[in-house]
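# Overview (structure and organization)
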Protein chains: 2
Amino acid sequence: MFTEHLKAIVEGVEGAIACSVMGFDGISVETLPKDMPEAALEMDMQAAWVEFANLMSQAKQTAETLKTGKVAELSINSEKVITLLRMVNQDYFLVLGMLPTGNYGKARYVMRITAPKVAKEL
Amino acid sequence: MFTEHLKAIVEGVEGAIACSVMGFDGISVETLPKDMPEAALEMDMQAAWVEFANLMSQAKQTAETLKTGKVAELSINSEKVITLLRMVNQDYFLVLGMLPTGNYGKARYVMRITAPKVAKEL
């Protein structure tokens, strides 16, 4: 049921590799494409996402004790991949892996408008 | 000695609030402006940066065990402030706090070109 939203992200962002709705426990609810592309497999993107889920969870908890407001988005940019995480609700977030050469601004925009749509279905 | 580089960031990015060269221990080497603006004080930005330094440190360590490559940049976007962290070397990073309405693309660009300049002086 999240497929259409994930599809909108993967197809709407140049350089997108794969996208997922994940829980803060690091378990993916749904991922697109179903068969992870080779680039994602080579980087073991799934393993990275589990680690990043942990970082996102910490950022969320930290923010509760800070005066900077709720964390809406986290971005971890490494040599081979840009990972964008967007809060959906208290338990779930969207994660997108994209090429460093991809359209980052578009990615942030599409993730921002898609998150509330996903939230409605959870 | 880092002042000119920090100045280039703070003055070059619309919406920039404050910028710092920090160690992964959360201790600031130099911060600009010297007197934190009111917006930064209200949010207790310094406290947030110490926490984010910790996240950056974890992201760095995590990346070493992952196949996604070294972490170059971390961005934590909350309701009131966007925090951009850019790796300088193994021990130091640049951190910029900016308004959510600021020029994020410009900020990423300026941080990317400034980091190697700061590295040379460390």
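Heads up: the structure comes first, above all this text.
Residues numbered from 1 in each chain as written. Chains lettered and ligands numbered in written order. Predicted model: local features only at pLDDT ≥ 70, side-chain atom pairs only at ≥ 80, totals over all residues. Heavy atoms only, no water.

### Digging into the packing of aromatic side chains
How we decide: To pair, rings of Phe, Tyr and Trp, with the six-membered ring standing in for Trp, must have centres within 6.5 Å; the planes then decide the type, stacked if under 30 degrees apart, edge-to-face if over 60, and tilted in the middle. Runs of H or I in DSSP of at least four residues are treated as helices and runs of E of at least two as strands, each being numbered from the N terminus. Each residue gets one of three labels from its accessible area relative to the maximum for its type: buried under 20%, exposed over 50%, partly exposed in between, using a 1.4 Å probe on protein chains only. For a lysine, the NZ atom is tested; for an arginine, the CZ atom; a charge sits over a ring if that atom is within 6 Å of the ring centre and within 35 degrees of the ring normal.
Tallying each qualifying case throughout the model produces 3 aromatic pairs over all chains. Ring geometry for A:Tyr104 against B:Tyr104: centres 6.0 Å apart, planes inclined by 15°, an arrangement best described as stacked. On the criterion of chain membership, the pair formed by A:Tyr104 in helix α4 (residues 104-121) and B:Tyr104 in helix α4 (residues 104-121) is interchain, its members lying in two chains. Judged by centre distance (5.0 Å) and plane angle (45°), the ring pair of B:Phe24 and B:Phe93 falls under tilted. With B:Phe24 in the loop between β1 (16-23) and β2 (28-32) and B:Phe93 in strand β5 (residues 92-98), this pair connects stretches of sequence that are 69 residues apart. This pair shows no difference in class: B:Phe24 is buried, exactly as B:Phe93 is. A:Lys60 extends its terminal NZ or CZ atom over the ring of A:Phe24, reaching a point 4.6 Å from the ring centre.

### Quick look at the relation of the copies chain B and chain A
We apply this condition: The copies are overlaid by a least-squares fit using only the C-alpha atoms of residues whose pLDDT is at least 70 in both copies. Contact criterion: two residues are considered in contact whenever any of their non-hydrogen atoms come within 4.5 Å of each other.
Its rotation angle being 180°, the transformation that places chain B on chain A also includes 0.0 Å of axial translation and leaves an RMSD of 0.0 Å. What we have between these two chains is a two-fold relation. Relative to the rotation axis, the closest C-alpha in chain B is found at B:Ser75, a distance of 2.5 Å. Of the interface residues in chain B, 100% have counterparts in chain A that sit at the interface too, so the contact is made through matching surfaces.

### Describing the environment of B:Ala63
Here B:Ala63 is to be found in helix α3 (residues 45-65). Sequence-distant contacts of B:Ala63, defined by excluding residues within four places in its chain, comprise B:Gly69 and B:Val71.

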